[in-house]
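# Descriptive analysis of the structure
Okay, here's what each chain looks like letter by letter:
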Amino acid sequence: MLRSLVSNQFGLRNREMKRIVRRFTDESGLVYFGHVSQRDDEHHIVRGFTVSLQHTDDHYCIGTYDDYDVIFVERRDVLRGGKPHSWHIIEIDLLHARDVPHIFISSASRLPGFHELLETKYPMMLPHTLQHRNEYPAQFTDNFALHTVPANSTEAESLFSPEITQVLAKHCKGLAIEVIGDNLYVYSERPVPSAKLLQTMLTNGVWIARELDKKYR
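Counting of residues starts from 1 at the beginning of each chain's written sequence and follows it residue by residue. Where local features are concerned, this predicted model is filtered to residues with pLDDT of at least 70; where side-chain atom pairs are given and counted, the filter is 80 or more; whole-chain, interface and lining totals use all residues. Derived side-chain values reflect all non-hydrogen atoms in the structure, with water molecules and hydrogen atoms excluded from consideration.

Turning our attention to the pairing of strand β9 (residues 183-188). Accessibility here uses a 1.4 Å probe with only protein chains present; expressed as a share of the type maximum, an area under 20% marks a residue as buried, one over 50% as exposed, and anything in between as partly exposed. In this description a helix means any DSSP run of H or I spanning at least four residues, a strand means any run of E spanning at least two, and both kinds are numbered starting from the N terminus. Burial within β9 is extensive, with 6 of its 6 residues counted as buried. The alternating pattern of β9 places Asn183, Tyr185 and Tyr187 and Leu184, Val186 and Ser188 on opposite faces, both of which are buried. Pairs of strands are assigned from DSSP output, requiring at least two bridges between the strands. Of the pairings in the sheet, the one linking strand β4 (residues 84-93) to β9 comprises 6 bridges and is antiparallel in character. Bridged to Asp93 within β9 is Asn183.

In structure tokens form, the structure reads like this:
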């Protein structure tokens, strides 16, 4: 009985997510594929810090937005203690930037899944105190933390200028950003995001990608 109830609840939530993601793809021009297997399907696996051997991906979408190749996916996995968790991820391929140092930007309010993975998988990624080189808006420094290995802190600060962090502070509160190599990821941990939030993640993620690309031309 309990298993049946849980299955029904998951089915209802999955249908609601599909409706939301379909609305998002209609607005953004992405193509909806649905569930994909990291073992069987021929598709690009969204990587980033949430990738694991046992995660599952649903509501997979792919396309081009404002000249950038992007992918959206809902990723589910199990955290410590057997607790299920989900992330909504937008991956953006950078056009010019290459070998970008590994950087995380997260809300100062602890996003449980994000911070658990950060602490267990990347213990050397430490919070970096900004304003070594520039004066940053308090709206950002009060609400976000930038994590990187100490050796990359100067480069990380040069990439995420006060102008970029001002946009992050205004539009990305409650979200997380990861950048590494030639990819940028935007994460939400809301159980059921709105189509408006997904569009916000996409629009501002592409804007940040474009600003980073300017620094590598």
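Further notes follow.
A contiguous nonpolar patch, built from Val31, Phe33 and Ile62 and spanning about 260 Å² of accessible area, is present on the exposed surface. Structurally, Val31 is set in strand β1 (residues 31-36). Since its relative accessible area comes to 44%, Val31 is described here as partly exposed. Two distance rules govern patches: like charges are joined within 9 Å, and nonpolar side chains (Val, Leu, Ile, Met, Phe, Trp, Tyr) within 5 Å, applied only to residues with over 30% relative accessible area and no salt bridge. Using a 1.4 Å probe, the Shrake-Rupley method yields the accessible areas, and only the shown protein chains count as cover for residues. Whenever Lys or Arg places a side-chain nitrogen within 4 Å of a carboxyl oxygen from Asp or Glu, that contact is recorded as a salt bridge.

What follows covers the packing of aromatic side chains. A pair of aromatic rings is counted whenever rings of Phe, Tyr or Trp (Trp by its six-membered ring) have centres within 6.5 Å, and the orientation is called stacked for planes under 30 degrees apart, edge-to-face for over 60 and tilted otherwise. Scanning the entire structure with this criterion turns up 9 aromatic pairs. With 6.4 Å between their ring centres and 65° between their planes, Phe33 and Tyr60 make a pair best called edge-to-face. Here Tyr60 lies in strand β2 (residues 56-65) and Phe33 lies in strand β1, a separation of 27 residues in the sequence. For Phe33, a relative accessible area of 51% translates into the label exposed. A relative accessible area of 3% places Tyr60 in the buried class. Among the aromatic side chains, those forming a connected cluster through ring pairs are Phe49, Phe104, Phe114, Tyr122, Tyr185 and Tyr187.

Along an α-helix, residues three or four apart share an orientation, since each turn contains 3.6 residues. When helix α2 (residues 112-121) is considered as a whole, its buried residues turn out to be Gly113, Phe114, His115, Glu116, Leu117 and Leu118. Two residues form a contact once any of their heavy atoms are found within 4.5 Å. Buried residues along α2 sit against β4, β5 (100-107), β7 (144-148) and β8 (176-181).

The next thing to look at is the nonpolar core. Throughout this description, the term nonpolar core refers to a set of buried Ala, Val, Leu, Ile, Met, Phe, Trp, Tyr and Cys residues connected via side-chain atoms within 4.5 Å. Counting 43 residues, the largest nonpolar core has Ile105, Phe160 and Leu168 as the members making the most contacts within it. Setting aside residues no more than four positions away along its own chain, Leu168 makes contact with Ile105, Phe140, Phe144, Phe160, Lys173, Ile177 and Ile208. Counting residues in each nonpolar core, the second largest holds 17 residues, with Val36, Phe114, Leu118 and Tyr185 among its members.

We now examine the environment of Ala156. Residue placement: Ala156 occurs in helix α4 (residues 153-159). Classification of Ala156 by relative accessible area gives buried; the value is 0%. Separated by 137 residues in the primary sequence, Ala156 and Arg19 have C-alpha atoms spaced 38 Å apart. Beyond its immediate sequence surroundings of up to four residues, Ala156 is in contact with Ile103, Leu146 and Thr148.

Attention shifts here to unusual backbone geometry. In this structure, Asp67 takes a positive phi of about 80° despite not being glycine. Position of Asp67 among the secondary structure elements: in the loop between β2 and β3 (68-78). The phi torsion at Asp99 lies on the positive side, around 55°, for a residue other than glycine. Mapped onto the elements of the fold, Asp99 is located in the loop between β4 and β5.

On to the pattern of salt bridges, then. Inspection of every chain in the model, using the stated rule, returns 7 salt bridges. Of the charged contacts in the structure, one is a salt bridge between Glu211 and Lys214, with a shortest N-O distance of 2.8 Å. Here Lys214 and Glu211 lie together in helix α6 (residues 195-214), a separation of 3 residues that amounts to about one turn.

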